[in-house]
Amino acid sequence: MKRMLVALMLVLSLACSAFAASADVVVVGGGGAGLLAAIAAAEGGADVILLEKMPFLGGATLICGAVTTAAGPRLQLEAGITEDSAELFFLDLMIGGEFTNDARLTWLMAEQGGAVMDWMEDLGVAFDSEPVNWAEHRVPRSFRWTGGGAALIKSLHEAALAKGVEILLNTRATRLVQENGRVTGVVAVGKDGAEQVFSADAVILATGGFGADMDMRPESLRSVLYYGPVSSTGDGHKMAAEAGADLVFMDKMKVYPHGVEIAPGRAQLTTISSVPLVSFGAIMVNSNGERVIDETLDIVSLKNKTLEQPDTQLFIVFDSAMKAKLDAMGLAMVFNYTEEQIEELIAQPGRIARHDDLAAAAAELGIDPEGLAATVKAYNEAVAAGYDSAFGRKDLAAPISQPPYYVMEQKLRTATSLGGVRVTTDMRVLDKEGKVIPGLWAAGELIGAAHGNESMPGVATTWAFVSGRIAGLSAVSK
Ligand SMILES: Cc1cc2nc3c(=O)[nH]c(=O)nc-3n(C[C@H](O)[C@H](O)[C@H](O)COP(=O)(O)OP(=O)(O)OC[C@H]3O[C@@H](n4cnc5c(N)ncnc54)[C@H](O)[C@@H]3O)c2cc1C
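On a predicted model such as this, the values are computed, not experimentally measured, just so you know.

A word on the site of the ligand. The ligand sits among 40 residues. The nearest are Glu52, Thr61, Gly65, Glu445 and Thr461. In the environment of the ligand, an oxygen atom lies 3.3 Å from a nitrogen or oxygen atom belonging to the backbone of Val459. In isolation the ligand offers 1000 Å² of accessible surface; the protein chains occlude 95% of this area. Put simply, the parts of the chain that give the shell around the ligand at least two residues each are helix H2 (32-43), helix H3 (59-63), strand S6 (172-179), strand S16 (405-417) and helix H15 (460-477). Looking at the shell around the ligand residue by residue, the class counts come to 18 nonpolar, 17 polar and five charged.

Structure follows, in structure tokens:
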């Protein structure tokens, strides 16, 4: 009888005990930062397990605008741009961050971005050879990923598998295991709801941002449209905070002026089309139909001007000749949308208007038609004269004169958070006293202060990649 009882207890305890595994390094999160951390650690000789809560890899990296910025990658030199340097990139990043950046981290991004892009090419990632121009960057140094986020994640996934990284999807980390202050592993929940314990010498949190968690968003940004992934729920922020981490810049998120509201509270970005459209001659107006700014200025200036409008939105106005140029570049008017989806948006009144009559296009979006007519007339005269007396815009590429005319709403949107854990220059997480939490590293959007108050276009992925690689290398060497 006693023997039967012991056997029964053994069976019960085995059934109740959590699945357990161990590795040298456990990476939590399979976006750009986590994948590069895992690959770097595996290249350094570590056994690596990567946990991803979604049924697929990628996070924000998968759906992002697919542009990365760096000084001195091979591609920039091959494009004939030789006047860039880490120092110039650093200066632009500090200006972009309003000099609130943690300069130690910003310098890492400026100094290592080029080498990390080269390494990624060696891992199989393809970038377009033609750099993208932004007003914020003094030289062209941003490169599109060929095939977008899906192609990049596929290449990194394959590289990780080739280096022996074990990837577990549908596995959500819920808390860190800590013994005498040292992080020794992670508890996660699998698809079946069962808890699993992963022990490791080093845990790297790379869980992305917190934009999808309304409670974590600063109050002033709760009404701004969201355009990020559902996975950005700040899990790593919460787990790290429970382990004693110091969180900084938690009231900061990146806000962009270029959004179309595709569903209530939800935006899709148009920066990738709005910036080139302006370079072809498009203007931006408010609901009175008035221009309010030199449209070629940087994104933060456009955002601030949008915030000044009573309805906090602007509208971009262009003609069919400009639309044809966009098509020729292979760029969709709304990022990641097919022509059919864009036609559906045009068919719904009030988001994107296309009409032969400019007044009808204005009226559809609630813009004063007479105001817009006067503005377009004055703008076309400025183009003919080669001088914009209203705002001093230098690049007056073409008049708005070829119907059908397009008017697209430009609402504020947010997704990328700028706040997170404080780290050393090798991405070890610090506690509130500035001491390293042994066993714990971080990478990517989860880290605070790398960009400061603001972030420049195309550098959030640079930070994800650079910090991911550093975290992976450092986790192996400790
Ligand atoms: C639409 C959009 C466009 C953008 N465009 C650009 C651009 O063109 N250039 C640029 O530089 N930046 C851009 N950004 C910002 C940039 O994409 C992100 O900052 C960057 O990709 C973040 O990388 P990450 O690896 O830190 O996080 P993510 O890529 O978000 O990866 C985090 C991963 O962790 C997983 N995860 C989260 N919690 C857990 C958990 N508890 N357990 C297990 N897994 C978990 C998530 O599911 C996700 O896969 C854009 C962002 C968006 C949303």
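What follows continues from the structure just given.
Roughly 630 Å³ of internal volume is contained in the second largest pocket. Secondary structure elements with two or more residues in the lining of the second largest pocket: helix H9 (271-280) and helix H10 (299-308). In terms of residues, the lining of the second largest pocket owes the most to one element, H9, which gives seven residues. Its residues assigned to classes, the lining of the second largest pocket comprises 16 nonpolar, seven polar and seven charged.

Attention now goes to the environment of Val26. Here Val26 shows up in strand S1 (residues 19-28). Accessibility expressed as a relative area gives 0% for Val26, which makes it buried. For the pair Val26 and Leu314, spaced 288 residues apart in sequence, the C-alpha to C-alpha distance is 45 Å. Sequence-distant contacts of Val26, defined by excluding residues within four places in its chain, comprise Ile49, Leu51, Val186, Phe198, Ser199, Ala200, Ala202, Val203 and Ile204.

Analysis parameters
- Residues numbered from 1 in each chain as written.
- Predicted model: local features only at pLDDT ≥ 70, side-chain atom pairs only at ≥ 80, totals over all residues.
- Heavy atoms only, no water.
- Near = heavy atom within 4 Å.
- Polar contact = N/O pair within 3.5 Å; in protein donor to acceptor, adjacent residues only side chain to side chain.
- Areas by Shrake-Rupley, 256 points an atom, 1.4 Å probe, with all protein chains shown as cover.
- Helix = DSSP H or I, 4+ residues; strand = E, 2+ residues; numbered from the N terminus.
- Nonpolar A, V, L, I, M, F, W, Y, C, P; charged D, E, K, R; others polar.
- 1 Å grid on protein atoms, 1.4 Å probe; cavity = no way out; pocket = protein on both sides within 12 Å on 5 of 7 lines; lining within 4 Å.
- Points joined across faces, edges and corners; volume = space filled by probe spheres on them.
- Buried < 20%, exposed > 50% of the residue type's maximum accessible area, 1.4 Å probe, protein only.
- Contact = heavy atoms within 4.5 Å.

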